Amino acid sequence: MKNLFLFVLSLLFILFFGCSSSQKSIKGLSYDPPGSVITTDKEIEQQHKRTISFSLTKVFVSNEFDGGKLNDFYKINDTLYAAEMYAENAPINNSAWFSFKLWSPIKQNIHLVLKYKDGSHRYIPKLSYDGTAWQIIDSSNYFVDTTNNTATVKLHVGLDTIWFSAQELFTSNMYYKWIDELSKKQFVKKEKIGNSALGKPLVKIEISETENPKGLVYIIGRQHPPEVTGAFALKHFVEAIAGDSKLAEEFRKKFKTIVIPLVNPDGVDMGHWRHNSNGVDLNRDWVNFNQRETKIVKESLLKIKEEDNVPVLFCIDFHSTQKDVFYVTSKDLTKEDDEIYNQTMIWFEKIREKNPDYFVNIDTSLNNPNSSTSDSWMYNTFNCPALTYELGDETERESIKQTSSSAAEALMELLLEKVKR
Ligand SMILES: [Zn+2]
């Protein structure tokens, strides 16, 4: 009996500590299933845009809006429905996006099972009554079934339409509006650098108050459609650089910042999980450049560098995963006299100083400069710090604002100190 007790105890010990230590090594869901890194055009499964209605229960559901994702919706019984979402193609990294609207002339509570093809439930549902103000679903109305990779939610539907979405909607039109608003400032210029495969504008923002910048900062984002928290971080980061602070003004008088905030507008508006309209992961196309969007962004960044003929000093690509993390690209992260390494570490130290309660999570495990991601290409091409800045899927939105705008301040201070030296 005592032996059995000890056995169970040691089993629990192994389970507990075994799990917690393996937890640390989990790099989120950003692994690449075999075949997902081939970047020539692939077939995608088109989603039918439609409104479905149930004549007896008077429930209506629709995916007829940008960012919408709902492949099938059916009734299991009078209060239980199933919503099915299919990845645009497979193999694919699991970023199981869903987004649809519901309403009913009869006020009623319904249950919804969220099911996925080629993926499993990942995002905590967000609700909105106008498509712009969002709240996270109440935990008492949300159950995840990890065995079946599904989730069940309870919703109160009525005449007021409910937007029900994996994350807040941040569609191409919302970007274009934000860019228009930002470019009202006289030191912000916008320019269309080309069109996506489906003809949506790829837009570049230039922020500077000098004709002779001492260097360039490159910022890109939204290669992966569901990565909305990364998009929020990019927005706050850029707004800090274009902001009213003395620091920002001083920075703009010395440097030029180039932002391409939306690299994959087609994927975003199509409600894709990961890929562009050609079924390809754009952030694996930075060696072969098979896709229109990556080619256009690359050429634009090279052209600016050539025209201004000054060094690129820092590159950041914004993404999302389970938790906030900075992926650092470098040839040798242990080399203490490496200027690129040192610059990056000073930036992190400054972010730490500004956010004493925030854990600056640095991951150097993916630092292979030969990978086909944008950060590797930028690192190799411009010989400067090039990072992937990831925000957690469920990181508090206020925390994203705080850390990303202070990360921008930290970068401005760092580069200003560099030119003063
Ligand atoms: Zn990503």
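Residues numbered from 1 in each chain as written. Predicted model: local features only at pLDDT ≥ 70, side-chain atom pairs only at ≥ 80, totals over all residues. Heavy atoms only, no water.

Caption draft 1: Up close: the domain arrangement of the protein. Entries for the protein in the domain assignment read domain 1 (51-165) and domain 2 (172-420). Averaged C-alpha coordinates put domain 1 and domain 2 at centres separated by 32 Å. On the domain 2 side, the residues contacting the 26 residues of domain 1 number 19 residues. Buried area between domain 1 and domain 2, summed over both chains or domains, comes out near 1700 Å², and the portion from carbon and sulfur atoms is 53%. Here domain 1 and domain 2 share 2 salt bridges between them. Residue Arg122 is joined to Asp393 by a salt bridge in which the shortest nitrogen-to-oxygen separation is 2.9 Å. (Domains from an automatic or database assignment. Contact = heavy atoms within 4.5 Å. Buried area = accessible area lost by both parts, 1.4 Å probe. Salt bridge = Lys/Arg side-chain N within 4 Å of Asp/Glu carboxyl O.)

Caption draft 2: Examining the coordination of the zinc ion more closely. Around the zinc ion, the donor atoms from the protein are His224 (ND1), Glu227 (OE), Glu227 (OE) and His319 (ND1), and they sit 2.0 to 2.5 Å away. Between the 4 donor atoms coordinating the zinc ion, the angles at the centre fall across 55 to 146°, so the site counts as irregular. Taken in sequence order, the residues that donate to the zinc ion follow the motif H-x2-E-x91-H. Of the two residues, Glu227 is situated in the loop between β14 (215-221) and α3 (228-241) and His319 in strand β16 (residues 312-321); the sequence distance between them amounts to 92 residues. Residue class for His319 comes out buried when judged on its relative accessible area of 2%. (Donors = N, O, S within 2.8 Å, 3.2 Å for Na, K, Ca; no water. Tetrahedral: all angles 85-135°; square planar, octahedral: opposite > 155°, others 65-115°. Helix = DSSP H or I, 4+ residues; strand = E, 2+ residues; numbered from the N terminus. Buried < 20%, exposed > 50% of the residue type's maximum accessible area, 1.4 Å probe, protein only.)

Caption draft 3: Representation of the sheet that holds strand β13 (residues 201-207) within the structure. Pairing is mixed in the open sheet, where 8 strands are placed in the order β12-β13-β15-β14-β16-β19-β17-β18. Whereas interior strands pair on both sides, the edge strands pair on one side only; in this sheet they are β12 (188-195) and β18 (362-363). As judged from the 6 bridges shared by β14 and strand β15 (residues 255-260), these two strands associate in the parallel manner. In the sheet register, Ile219 faces β15, and the bridge partner there is Val259. Sheet contacts for α3: β13, β14, β15, β16 and β19 (386-392); angle to β16, the most-contacted strand, approximately 145°. (Pairing = 2+ DSSP bridges. Axes fitted to C-alpha atoms, helices over the stretch in contact; angles between N-to-C directions.)

Caption draft 4: Local environment of the nonpolar core. With 88 residues, the main nonpolar core has Phe73, Phe100, Leu102, Leu112, Phe164, Phe237 and Trp347 as its most contacted residues. When residues are assigned to domains, this core turns out to be shared by domain 1 (51-165) and domain 2 (172-420), each giving three or more. When neighbours within four sequence positions are excluded, Leu102 is seen to be in contact with Phe60, Val61, Phe73, Ile110, Leu112, Leu155, Val157, Asp160, Thr161, Ile162 and Phe164. Residues Leu216, Phe289, Val312 and Met378 belong to the second largest nonpolar core, which totals 25 residues. (Core = buried A, V, L, I, M, F, W, Y, C linked by side-chain atoms within 4.5 Å.)

Caption draft 5: Looking closely at the pairing of strand β9 (residues 142-145). In terms of strand pairing, β9 meets strand β10 (residues 150-157) through 4 bridges, oriented antiparallel. Along β10, the bridge assignment pairs Phe143 with Thr152.

Caption draft 6: The packing of α3 against helix α9 (residues 397-420), seen in detail. Two numbers describe how α3 lies on α9: the axes approach to 8 Å, and their chain directions differ by 45°. As summarised for this structure, α3 and α9 are arranged oblique, according to the angle between their axes. In the packing of α3 onto α9, the handedness of the crossing is right-handed. On α9, the residues touching Thr229, Phe232, Ala233, His236, Phe237, Ala240 and Ile241 of α3 are Arg397, Ile400, Lys401, Ser404, Ser405, Ala407, Ala408, Leu411 and Met412. (Parallel < 35°, antiparallel > 145°, perpendicular 65-115°, else oblique. Left-handed = near helix turned anticlockwise from the far one by under 90°.)

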